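# Coordinates in review
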Amino acid sequence: MPRLGVNIDHVATLRQARGGREPDPVWAAALAELGGADGITIHLREDRRHIQDRDLRLLRETVQVRLNLEMAVAPEIVEQAIQAKPDQVTLVPERREELTTEGGLDVAGQVDRVGEAVRRLVDSGIEVSLFIDPDPRQVEATIALGVAAAELHTGRYAEAPEGPERLRELEALSRSGEALVAARIGLHAGHGLNYRNVIDVALIPRMAELNIGHSIICRAVLVGLTRAVREMKDAIDRASAAPIDC
Ligand code: PXP
């Protein structure tokens, strides 16, 4: 059964919307662990739009399962990762204007740059995974770099309408997965996975890790809303029942 890495970036996005202290992604990580998460995934973006340096520091101290840090191939962030020492770094492409990570890392097009970041991270004892599209060129370049793992981008699969198009995307994931596993590279996947489309991806032979964020946080908002409203009603009721000082 694949490990589940819970991506908590969206909790930080909600906090940043008000610039305050809640909800705290450090609390969210602890709750995700209590729920059975096998790992906590965060993306320290160069623009710091959600996860902050303070979150990385505290999460490194408090997370007891695997901490997976997604980050760009940028020297300053590589340096920060080396200081923080997450269990795993997943190198992703990053464009400032994108809503979320769009497309996989172009490993084939920048072998030297990616290779240099991989070497620095591995030398400091961090496992490295590359987030790539299920594209034979990228798979080949990833195998040549000999990283510990590759995370296949499931975005196109998740967005494809059910039927032949979705099946084609699933086949591309399976074929890339097979090549990676044959080269003894750990097989991970993520992006756009939800409670329904995750099944077929989890069934890909030797799938070792799935990183999922958006759909879990969306579900948490909805399944938790009734209780949250009830608790606010209770707080208001208690205030009305309290004796008035005179
Ligand atoms: N894996 C990677 C590399 C990502 O960049 C993201 C999005 O931050 C995810 C997994 C999780 O994607 P989602 O939030 O759509 O589940």
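The structure this text deals with has already been given above.
Residue positions are given per chain, counted from 1 along the sequence in the order it is written. Reporting of local features is limited, given that this is a predicted model, to residues whose pLDDT is at least 70; pairs of side-chain atoms are given and counted only at 80 or more, and all residues count toward the totals for whole chains, interfaces and linings. In computing side-chain values, all of the structure's heavy atoms are included and hydrogens and water are not.

### Describing helix H5 (residues 111–123)
- Numbered from the N terminus, helices here are DSSP runs of H or I no shorter than four residues, and strands are runs of E no shorter than two. The span expected for a helix works out to 1.5 Å for each residue beyond the first. With 13 residues, H5 should reach 18 Å at 1.5 Å per residue; the first-to-last C-alpha distance of 18 Å fits that figure.
- Working rule for contacts: check all heavy atoms of both residues, and any pair within 4.5 Å makes them a contact. Buried residues belonging to H5 abut strand E3 (66–71), helix H4 (75–84), strand E4 (88–91), strand E5 (127–132) and helix H6 (136–145).
- With its phi angle positive at about 85 degrees, Gly125 sits one or two positions after the end of H5.

### Topic: the pattern of salt bridges
- For salt bridges, the criterion is a side-chain nitrogen of Lys or Arg within 4 Å of an Asp or Glu carboxyl oxygen. Throughout the structure, instances matching the rule amount to 14 salt bridges.
- For the salt bridge of Arg15 with Asp55, the shortest nitrogen-to-oxygen distance reads 2.6 Å. Of this pair, Arg15 sits in helix H1 (residues 9–18) while Asp55 sits in helix H3 (residues 53–62), and the two are 40 residues apart along the sequence.
- Taking relative accessible area as the criterion, Asp55 reaches 0% and is therefore assigned buried.
- Here Arg66 ties to Glu127 by a salt bridge, and the two come within 3.2 Å at their closest N and O atoms. Taken together, the positions of Arg66 in strand E3 and Glu127 in strand E5 put the pair 61 residues apart, joining distant regions of the chain. Relative accessibility under 20% of the residue-type maximum defines a buried residue, over 50% an exposed one, and the middle range a partly exposed one, all with a 1.4 Å probe and only protein chains included.

### Describing the packing of helix H2 (residues 25–34) against H3
- In this description, a line fitted to the C-alpha atoms serves as the axis of each element, helices being fitted only across the stretch in contact, and the angle between N-to-C directions of two axes falls anywhere from 0 to 180 degrees. Relative to each other, H2 and H3 sit at 30 degrees, their axes nearing to 9 Å. In terms of crossing hand, the pair formed by H2 and H3 is right-handed. Each of Pro25, Val26, Ala29 and Glu33 in H2 lies in contact with H3, whose residues at this interface are Arg54, Asp55, Leu58, Leu59 and Thr62.
- Here the residues of the contact of H2 with H3 are counted per class, giving five nonpolar, one polar and three charged. By definition, turning the near helix anticlockwise from the far helix through less than a right angle yields a left-handed crossing, and turning it clockwise yields a right-handed one. Three classes are used: nonpolar for Ala, Val, Leu, Ile, Met, Phe, Trp, Tyr, Cys and Pro, charged for Asp, Glu, Lys and Arg, and polar for all others, with Gly counted as polar.

### Overview of the pairing of strand E2 (residues 39–43)
- A large share of E2 lies buried, amounting to five of its five residues.
- Neither face of E2 is exposed, since Gly39, Thr41 and His43 on one face and Ile40 and Ile42 on the opposite face are all buried.
- Pairing of E2 with E3 involves five bridges; the strand directions are parallel. Bridging from a neighbouring strand, His43 pairs with Glu70 of E3.
- Following the chain from E2 across H3 to the adjacent parallel E3, one finds a crossover that is right-handed. Any two strands with at least two DSSP bridges between them are considered paired. For crossovers, right-handed means that the path from the first strand over the helix to the second runs clockwise, given strands pointing away from the viewer.

### A short note on the side chain of His153
- As for its placement among the helices and strands, His153 is situated in strand E6 (residues 149–153).
- For this analysis, a polar contact is any N or O atom pair within 3.5 Å, provided that within protein one partner can donate a hydrogen and the other can accept it, and provided that sequence-adjacent residues contribute only side-chain to side-chain pairs. Of note is the side chain of His153, whose polar atom sits 2.9 Å from the backbone nitrogen of Gly155.

### Quick notes on the nonpolar core
- Ranked by size, the top nonpolar core spans 59 residues in total, and within it Ile8, Met71, Leu91, Leu121, Leu130 and Val201 carry the most contacts.
- If we skip the residues at most four places from it in the chain, Leu121 touches Met71, Val78, Ala81, Ile82, Val89, Leu91, Ile126 and Val128. We define the nonpolar core as a collection of buried residues of types Ala, Val, Leu, Ile, Met, Phe, Trp, Tyr and Cys that are connected through side-chain atoms lying within 4.5 Å of one another.

### What to know about the sheet that holds E5
- Here we have eight strands rolled up into a closed barrel, ordered E1-E2-E3-E4-E5-E6-E7-E8, and parallel in their pairing. Each strand of the sheet is rotated relative to its neighbour by a mean of 25 degrees, with strand direction disregarded.
- Packed onto the sheet, H3 meets E2 and E3 and runs at close to 160 degrees relative to E3.
- Contacting E6 and strand E7 (186–190), helix H8 (residues 164–182) crosses the sheet at an angle of about 175 degrees to E6.

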